[in-house]
Each structure stands twice: as C-alpha cells, then as structure tokens.
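So the chains spell out like this:
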Amino acid sequence: QLKKDLNSANNELDNQKKIGKAKGKVFAKRNDFVICCDEAFISYNNDNVEIITCKNNVQMYHYQGKHGKSDEALFTATSNQIIMTGNPMLIENENILTGDSIIYDMKSDKAKIEGNAKITWNPKTKKRDTDTINFHTWSYQTCAIGSISL
C-alpha cells in the first residue's frame, strides 16, 4: 500500500475531502514501487493512497526490473496500474518501450503501448543492474540523480 505521507517540499491535505497535493521533489514509495515527480495530486482513504496523479519529471521504478519516465502519470492502487503519458518510456534491462501512452500493470508485469507504439530491443545503452535497488532506502535524490539517466 502506498502511504499518504509523501515526501516533498510542500504538502497540503484536506482530510474532509480525502485529497492532497504535494509539490517540489515529490517522492512516494511502497515496498515494491517508487515514483518521483515535481507535483502530485492524491486521493486517499485512511492512510493509503488510492490514486496519485504525478506531473512533470515523472520517474517510476518497480522491483520487477521496470523503470520509466514521462511527463505525467496516473497510478491507481485498486488496479495496481500506472498510466504514463507525455513522452512515456518504459525500460527493462536493454529493452525500451515508447508511445503516446503506456499502461503498465504491476501485478501481471505486462505493459500496453497505445499510439505510435515502438519497442526497441537491446539498444546500445548501458545495462542497468536492477538487482541493486533497495526500495526501503530509496529517496528523491536517487530518483533525480541516481545511477540511471532516463
């Protein structure tokens, strides 16, 4: 479960409406998933985020070896999916998926590319060792300038 205690420069929560806004180096994580962005809007129930909309400089990391970037992303906890739009890119090892939007289902580990779909198999890029990711000590600093350049 993604907790509503987002790390950012500025947070606002409206407990009556169960919504929130975070701005400035936003960082959210759960045991298998990390997302970073410049601005996020959340809908929550109790302490758990149900929906998070991320904008600007979105970076996503999933323990199954996927990492991605986009201009915007929508994560829905009930479906365990992230929809990336605005120059989305999803990378696993040396394979790169791009398109108008990418829907990544974290439970099934499947991705769907919509519009201008392109898959690049084994491009000549540096291979990322995803086994070294420790999600419990991950930080926005790691997302922003970590060992991968997206």
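Our structure's up above, just so we're on the same page.
As the structure is a prediction and not an experimental result, all values here were calculated from the model.

Ranked by size, the top nonpolar core spans 24 residues in total, and within it Ile35, Ile52 and Ile82 carry the most contacts. Listed by contribution, the elements that provide at least two residues to this core are strand E2 (19-30), strand E3 (33-45), strand E4 (48-62), strand E5 (66-76), strand E6 (81-85) and strand E9 (101-105). Among the elements that line this core, the one with the most residues is E3, at six residues. The contacts of Ile82, once residues within four sequence positions are left out, are Phe33, Ile35, Met60, Ala73, Leu74, Phe75, Ile102, Ile103, Tyr104 and Met106.

With glycine set apart, most residues show a phi of negative sign, and most peptide bonds adopt trans. Even without being glycine, Lys25 reaches a positive phi, approximately 50°. Residue placement: Lys25 occurs in strand E2. Notably, Asn57 is not glycine yet its phi reads approximately 55°, a positive angle. Among the structural elements, Asn57 can be located in strand E4. In this structure Asn57 comes out as exposed when scored by relative accessible area, which is 51%.

Another aspect to go through is the pattern of salt bridges. Inspection of the entire model under this criterion finds five salt bridges. Salt-bridge contacts for Lys66 lead to Glu92; the nearest nitrogen and oxygen are separated by 3.2 Å. Of the two residues, Lys66 is situated in strand E5 and Glu92 in strand E7 (residues 89-92); the sequence distance between them amounts to 26 residues. For Lys66, a relative accessible area of 9% gives the class buried. With relative accessibility at 27%, the residue Glu92 sits in the partly exposed group. When salt bridges that share partners are traced, they join Lys66, Glu92 and Asp109 into one network.

Basis of the calculations
- Sequence order sets the numbering: in each chain, residues are counted from 1 along the sequence as written.
- This being a predicted model, a pLDDT of at least 70 is required before a residue's local features are given, and a value of 80 or more before pairs of side-chain atoms are given or counted; all residues contribute to the totals for chains, interfaces and linings.
- As a convention, hydrogens and water are excluded, and side-chain values are obtained from all of the structure's heavy atoms.
- As used here, the term nonpolar core means buried Ala, Val, Leu, Ile, Met, Phe, Trp, Tyr and Cys residues forming a set that is joined through side-chain atoms within 4.5 Å.
- Three exposure classes are used, based on accessible area relative to the maximum for each residue type with a 1.4 Å probe and protein chains only: buried under 20%, partly exposed in between, and exposed over 50%.
- Only runs of H or I of at least four residues qualify as helices and only runs of E of at least two qualify as strands under DSSP, and these elements are numbered from the N terminus.
- Contact between two residues is taken to exist if any of their heavy atoms lie within 4.5 Å; hydrogens are not considered.
- By salt bridge we mean one thing: a side-chain nitrogen of Lys or Arg within 4 Å of a carboxyl oxygen of Asp or Glu.

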